[in-house]
Amino acid sequence: MRPFSNLLASVALGLAVGVTGLPAFAETPANMLVIANRIDDITTLDPAESFEFAGGDVSRNIYGKLVNFDPMNLDAGYGPDLAASWTVSEDGKTITFTMRDGVKFQSGNPVTAKDAEFSLRRAIILNKTPSFILTQFGFTPENVDKTIVAKGNTLSITTDKKFATSFVLNSLTATIGGIVDMKEVMAHEVDGDMGNAWLKTHTAGSGAYTLVSWKPNESVTLQANPNFYLGAPAMKRVIVRHVQESASQRLLLEKGDIDVARNLNPEDVKGITGEKGIAIDSELRGRIMYISLNQKHPILSKPEVRTAIKYLIDYKGMQDSFLNGQYTIHQNFLPATFLGAIDDAPYSLNVAKAKELLAKAGVGNFEITAGVREAQERLEIAQSLQNTFAQAGIKLNLTVGTGKQILSKYRARELDMYIGAWGPDYPDPQTNAGTFAYNPDNSDAAKATGLLAWRNSWDTGGLTQQVEAAVVEGDRAKRAKMYEDMQREFLKISPFGIMFQKIEQTGRRDNVKNLNLGGAITAVSYWPVTK
Amino acid sequence: MLRVLKTLASIAVTMLGLLLVTFVIGRVMPIDPVLSIVGESATKATYDAARASMGLDKPIVVQFLIYIWDVIHGDFGYSLLTARPVAEDIARVFPATLELATLGTMIGVLLGVPLGVVAAVRRGSWIDQIARIVALVGYSMPIFWLGMMGLLVFYGTLGWVAGPGRVGIFYVDIVPPVTGMILIDSILARNWEVLQNAISHIILPASLLGYYSMAYISRMTRSFMLEQLSSEYITTARVKGLPERTVIWRHAFGNIKVQLITVIALSYANLLEGSVLTEIIFSWPGIGSYITNALLSADMNAVLGGTVVVGLVFVLLNILSDLLYQFFDPRAA
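K.L.:
Could you give an account of unusual backbone geometry, naming the residues involved and the relevant values?
P.N.:
Glycine aside, the phi torsion of most residues is negative, and most peptide linkages are trans. All names here are of chain A. Positive phi, close to 55°, is recorded for N127, a residue that is not glycine. Mapped onto the secondary structure, N127 falls in the loop between α3 (113-126) and α4 (132-135). Given 18 C-beta atoms within 10 Å, N127 falls into the partly exposed group. Here the phi dihedral of T460 falls at roughly 75°; this positive angle occurs in a residue that is not glycine. Looking at the element boundaries, T460 is found in the loop between α17 (452-455) and α18 (463-470). Looking at T460, the number of C-beta atoms within 10 Å reads 24, which means it is buried.

Structure, rendered in structure tokens:
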């Protein structure tokens, strides 16, 4: 449905509710959690392959990992899960995990170090989309039998060079770190696929829930695992229904036919705020909205111009109008809730200051072209920028296209300016630091199209070395401090104007307690939920 | 015999043409199916591996021939989005649409035809005006708006019907899927509770679709009837002193049956394509949203599979109307 019709539907609904009032009478059973969500992005449930939000939600509740985040205390960072403890070798390259005793897979098989070895090796050998999260540590299909080794009840993984332990462990909390039941999976192997075809639509984990069914575009049904090592979950059944429309989700929630509505648009959130029996939660997610300036451009590469442009963004105006409830101001490359995140926000709309900076740089009025993909909120941001830039004599032209068209120009370093979004790939600061502030070879020949710094022809002014240093810093607190410093420098010198971080608003019946959606670092957790 | 063969041959050619066009459009679309699988940050090796495994590295002609060969063998390939065989997906989503569209068309015909006839007979009367307003609203109101309003009033406020979805959460997967149509499956399983629940879910979206098809059918019926009623043979019949009922229903209506069949078949076929907006509002997992989703993600196997099904529906309805013509129109026999 088009955004416009969305809006119309919500407005109509709001009007009508205002006139008629809604009696609520249904209620879901006390041991069942019913959620409305858009789940049409699930394409596979295999943890070695899954890389979408709704898939991550399912996976987090089905698969245990070596280390994991505690949903009741996300700020604490990773902690033990299927690995009860771990030690790091003196050279910092080998981490040895000791497996937790007595944990069983949902099939009844015990969870062993062999299963963990199999799961990690499998993810690397299958080489699916998210495999880079593990292969960045030097694991290859050829070396896994030496670098990932189970011995008794321990598993050792050896990276190709010294990495920060927190970097490695954070990466293992990603979906790809899910430990699968080797016997069960290999029993379903077809043509040497290591059970990939089967695991796309079936599960073999040790987590809080088992999969009853996944019907594409319809529902995901989970059943509580009575033998879950942290105790049987209170919600015996979790049903996630695919409900595309915000207005439909809202009606279902108001009627009590669902407990949680995860895709309410701002109009519907407004409409149900304060209604009896309904609570609204705002959760920060990892996605960041930014603009960037190509450093090949003779004017945009002047330091004063870069700073001036950061003063020509109406952060607050956008946040309080069309982005209301969907994005919040955030000016640093690490999303809030990440290790090392800071909330400095020194920039605000200040046309006078921008003009002063532009004059200092000796540039008069000029024209630039920005690439923006055809998505409503991005176009609205672009229009706001056109307006504020014009106030300082900068004419902003827009090239609008599909995601692919704009992206290929961006990757080819052809855009003066880019307006877009970036989402972290795994819950470690390196995921963003390694692309915004890292660019070892700024030449065209390097073709480092995956690096945002390279796409903007920015040599990072020394931040590359700091990023390299941070990934090998073993001490978690020291490492966090390094990212903080890096971001403060980045704020000053980078050609990136980071503007917003995504907020997700969820409506829930207020008897639902302890539902944690995972913030910017992980996915939803159903096992602590009570009603 | 020759006629049957001819029909079959024309079906085959139609389907082949349809596939070819869809296939080519799919390949020139500015969406990269590989990118939608592997994501922006994939390495070149991962990208290439995915591309090769999807067979996209071969020349397009070869890709098409491979595809046709598979389809002839009943293999539509795997959907990228659902990780299942497209045939299995269609067997799941098409019955949902079939159920809804059939009920909708039944409502549309049962109400639309009489309304159209009466409106034509009493031209300019209050009932004609009402029929006109009903049809006008049906033509001009956005379906999502009426759908939302329907949900709000009949589900939200009055509580007469159930909300979005095909059955309530307690009734999911209770009756064994035989036809995939829950109404029929629950009758087969003699599970009246499921049937009742399924009816309370389908009645609103089916009425909505029925309303739209009624709007169309009643307008068409009215204009067909007016044309007949102004003919000389009707005047003759009336002059002969035949009862008005016979004049209207036997003479005039008898002559518009063939045209009406075409109109009804077309409107039915339209509903069978899947009404995407209705499916979205009512969380109805039908073929319309299946094909739309597939199209947006460049899931070409699913798009082609869905297109084949929709194409077949049109062809079959065409044949069916041909047969019905022969039944109702002695000249066509």
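And the narrative resumes.
K.L.:
Any details on the packing of helix α11 (residues 244-272) of chain B against helix α14 (residues 300-328) of chain B? Residues and values, ideally.
P.N.:
Residues and elements named next belong to chain B. The geometry of α11 relative to α14 is characterised by a closest axis approach of 10 Å and an angle of 160° between their N-to-C directions. Regarding the angle of α11 to α14, the classification is roughly antiparallel. When the axes of α11 and α14 are compared, the crossing they make is right-handed. Touching K257, V258, I261, T262, A265, Y268, A269 and L272 of α11 are V313, F314, L317, L320, S321, L324, Y325 and F328, all from α14.

K.L.:
Tell me about the domain arrangement of chain B, residues and numbers included.
P.N.:
Residue and element names in this part refer to chain B. Each domain of chain B was delimited in the assignment, giving domain 1 (2-72) and domain 2 (86-332). Placing the centre of domain 1 and that of domain 2 at their C-alpha centroids yields a distance of 32 Å. Contacts between domain 1 and domain 2 engage 14 residues on the former and 10 residues on the latter. Elements that contribute at least two residues to the side of domain 1 that touches domain 2 include exactly α1 (2-28) and α2 (33-38).

K.L.:
Lay out the environment of A:G177 in plain terms, naming residues and giving numbers.
P.N.:
Residues and elements named next belong to chain A. Among the structural elements, G177 can be located in the loop between α6 (165-172) and α7 (182-186). Taking C-alpha positions, G177 is 16 Å from P424, a pair spaced 247 residues apart along the chain. For G177, the contacting residues outside a window of four places in its chain are K65, L66 and L172.

K.L.:
Could you give me a rundown of the pairing of strand β17 (residues 496-509) of chain A, with the residues and numbers involved?
P.N.:
Residue and element names in this part refer to chain A. With respect to burial, β17 is a largely interior element, 12 of its 14 residues being buried. Pairing between strand β11 (residues 260-261) and β17: two bridges, direction antiparallel. Residue pairing for β17: V260 is matched across the bridge by R508. Relative to β17, strand β12 (residues 278-293) runs antiparallel, the two being bridged by 12 bridges. Looking at the pairing, S292 lines up with F496 of β17. Bridge count between strand β13 (residues 327-329) and β17: three bridges; the pairing is antiparallel. Directly across from I329, in β17, lies its bridge partner F500.

K.L.:
An account of helix α14 (residues 376-390) of chain A is needed here, citing residue identities and associated values.
P.N.:
For an α-helix the count is 3.6 residues per turn, leaving residues at separations of three or four pointing the same way. Residues and elements named next belong to chain A. Between its terminal C-alpha atoms α14 stretches 21 Å, which fits the 21 Å expected from 15 residues at 1.5 Å a residue. Buried within α14 are the following residues: I381, A382, L385, T388 and F389. Down the axis of α14, the buried set is contained in an arc of 130°. They therefore lie on one face. Where the residues of α14 are buried, they touch β12, α12 (315-320), β14 (366-373), β15 (394-401) and β16 (417-422).

What counts and what doesn't
Residues numbered from 1 in each chain as written. Chains lettered and ligands numbered in written order. Predicted model: local features only at pLDDT ≥ 70, side-chain atom pairs only at ≥ 80, totals over all residues. Helix = DSSP H or I, 4+ residues; strand = E, 2+ residues; numbered from the N terminus. Buried ≥ 20, exposed ≤ 12 C-beta atoms within 10 Å, placed from the backbone. Axes fitted to C-alpha atoms, helices over the stretch in contact; angles between N-to-C directions. Parallel < 35°, antiparallel > 145°, perpendicular 65-115°, else oblique. Left-handed = near helix turned anticlockwise from the far one by under 90°. Contact = placed C-beta atoms within 7 Å. Domains from an automatic or database assignment. Pairing = 2+ DSSP bridges. Expected span 1.5 Å × (residues − 1). Arc of directions from axis to C-beta.

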